[in-house]
Amino acid sequence: MVNGSERWGFRCNPELKGAAAVNIRGILMQLIGSVNKDDPRPVLPLGHGDPSAFPCFRTAKVAEDAIVEAVRSAQYNSYSSTIGILQARRAVAEYLSRDLPYTLVVDDVHLTLGCNQAIQTILTALAYPGANVLLPRPGFPFYESLAASINLEVRHFDLNPKKGWEVDLENVEAIADGNTAAMVIINPGNPCGSVYTHQHLKKIAETARKLGILVIADEVYHHLTFGSNPFVPMGAFGSIVPVVTLGSISKRWVVPGWRLGWLVTTDPNGILRKLGVPSLPLPLSPLKCEWNCVVESIIDCLNMSPDPPTFIQAAIPHILQETGMDFFSKIIDIIREAADICCNRIKEVPCITCPNKPEGSMFVMAKLDLSLLEDIYDDMDFCLKLVKEESVIVLPGMAVGLKNWLRITFAIDPSALEDGFDRIKAFCQRHAKKQ
Ligand SMILES: *Cc1c(COP(=O)(O)O)cnc(C)c1O
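A quick note: this is a predicted structure, and the numbers were derived from the prediction, not measured. (Residues numbered from 1 in each chain as written. Predicted model: local features only at pLDDT ≥ 70, side-chain atom pairs only at ≥ 80, totals over all residues. Heavy atoms only, no water.)

1. Some words on the site of the ligand
Thought 1: Among the 14 residues in the neighbourhood of the ligand, the closest are listed as Asp218, Tyr221, Ser248, Ser250 and Lys251.
Thought 2: Measuring from an oxygen atom of the ligand, one finds a side-chain N or O atom of Tyr221 at 2.7 Å.
Thought 3: In the model, an oxygen atom of the ligand is placed 2.6 Å from a nitrogen or oxygen of the Ser250 side chain.
Thought 4: In the complex, the protein chains occlude 93% of the 390 Å² of accessible area that the ligand would expose alone.
Thought 5: Partitioning the shell around the ligand into residue classes produces six nonpolar, five polar and three charged. (Near = heavy atom within 4 Å. Polar contact = N/O pair within 3.5 Å; in protein donor to acceptor, adjacent residues only side chain to side chain. Areas by Shrake-Rupley, 256 points an atom, 1.4 Å probe, with all protein chains shown as cover. Nonpolar A, V, L, I, M, F, W, Y, C, P; charged D, E, K, R; others polar.)

Take a look at the structure:
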């Protein structure tokens, strides 16, 4: 018998290495790995959006109770159906319809393992050979990583910091072509903390209609707004352009570990249920049916994926219907206070500026002025030295597509945030160019 162990060695999927290199987790892991273990102070996480570790961000009691009850009932130990259990899908349809000018039906709703699986599903469904999708810059790099892993081409349009990080729609028109399937908007915005007006969203819808592309609206931060613009769902413009809305309970209920999200077609004209137009000769194999409608393609994709745990789905109607405004306002009040602290403290640090006060989500983009610093050569260098010297984690802008910016997460306990800025200020003073 040939002894294979003498030549052990496996070749792995090369697409994954490139895809992982650009993702936030990879960069955060590198930063966490650089913490100085001799620093007795706690590490302050201003780099990622998960405030659930702080007691002031504990989720609603009704949500916890709903999960416990679902488990105790012993009725939800089975496999789920592919797109989710009926009462949970109905509850999501009702919940989202509250903000829309028309009513969603159960068939519009597909439950997913968090918003991330909803992203994976829609991009996979649209990955026709040669197709491309348009992504915002700065953005949420999971889109880029995922697209790279399925060989879907991406093109970037700019968000304009001089105009509240609105979409540069001329740029969108310039980069779209006949193979463009969709554009993605993230509202409220990660990483910019922007909240788009009704008027701007309508212009986005009109531009997408003109180009004949659908809008993928990542609304994972729905209703997490604390400025002057209220949250308006993109689905409100579903009669202008078909919209695929992605969301989850991860951020509004501060339970990203529960992994319950949704992919919802907000498409009152039923365009996503129409068959695509074949542009190539019909394939020979009937199995290789490339002319699925978008909704069928979504379901095919979900058929091959794991489902959110059944007991979490079972708790969803209670969670969505019974969580009181007192819980939401408490969370919003803490985030608003934290955003104020963040913007005020940024003003004390000459080498970072914040062009737009955040009005939603949990993040702000701050511009780094390297000319004021002595021995820091870019944003990654800044973040690496900051974590080594001060045990503060901040995400370099290059991770979200903007070099020499920083993405700061302010959704942490306000006292920890103050502490974080004391350290950032000390760090920047120490590295300031001597006059
Ligand atoms: C956090 C986040 C997600 C992922 O949400 P999950 O429900 O935790 O999968 C998706 N999109 C954006 C913009 C996010 O910030």
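So that's the structure; there's more coming.
2. A look at the domain arrangement of the protein
Thought 1: Taken as a whole, the protein is organised into domain 1 (23-57 + 325-430) and domain 2 (62-322).
Thought 2: Each of domain 1 and domain 2 has a C-alpha centre, and the two are 28 Å apart.
Thought 3: In total, domain 1 and domain 2 occlude about 2500 Å² of area from one another, counting both sides; carbon and sulfur atoms represent 66% of this.
Thought 4: Our count for the domain 1 to domain 2 interface comes out at zero salt bridges.
Thought 5: On the surface where domain 1 and domain 2 come into contact, there are twelve residue pairs in polar contact (both at pLDDT 80 or more).
Thought 6: Secondary structure elements with two or more residues in the side of domain 1 that touches domain 2: helix 11 (325-346), strand 11 (363-368) and strand 13 (405-409). (Domains from an automatic or database assignment. Buried area = accessible area lost by both parts, 1.4 Å probe. Salt bridge = Lys/Arg side-chain N within 4 Å of Asp/Glu carboxyl O. Helix = DSSP H or I, 4+ residues; strand = E, 2+ residues; numbered from the N terminus.)

3. Remarks on the pattern of salt bridges
Thought 1: The full count for this structure, using the stated rule, is 23 salt bridges.
Thought 2: One salt bridge in this structure joins Arg155 and Glu153, with 2.8 Å as the shortest N-O distance.
Thought 3: On the basis of relative accessibility, which here comes to 36%, the residue Glu153 falls in the partly exposed class.
Thought 4: Between Asp177 and Arg155 there is a salt bridge whose closest N-O contact spans 3.0 Å. You can see Asp177 sitting in the loop between helix 7 (169-175) and strand 6 (180-186) and its partner Arg155 sitting in strand 4 (residues 153-160), a full 22 residues away along the chain.
Thought 5: When its relative accessible area of 21% is taken as the criterion, Arg155 is described as partly exposed.
Thought 6: Put simply, Asp39, Arg41, Glu389, Glu390 and Arg430 are held in one network by salt bridges that share partners. (Buried < 20%, exposed > 50% of the residue type's maximum accessible area, 1.4 Å probe, protein only.)

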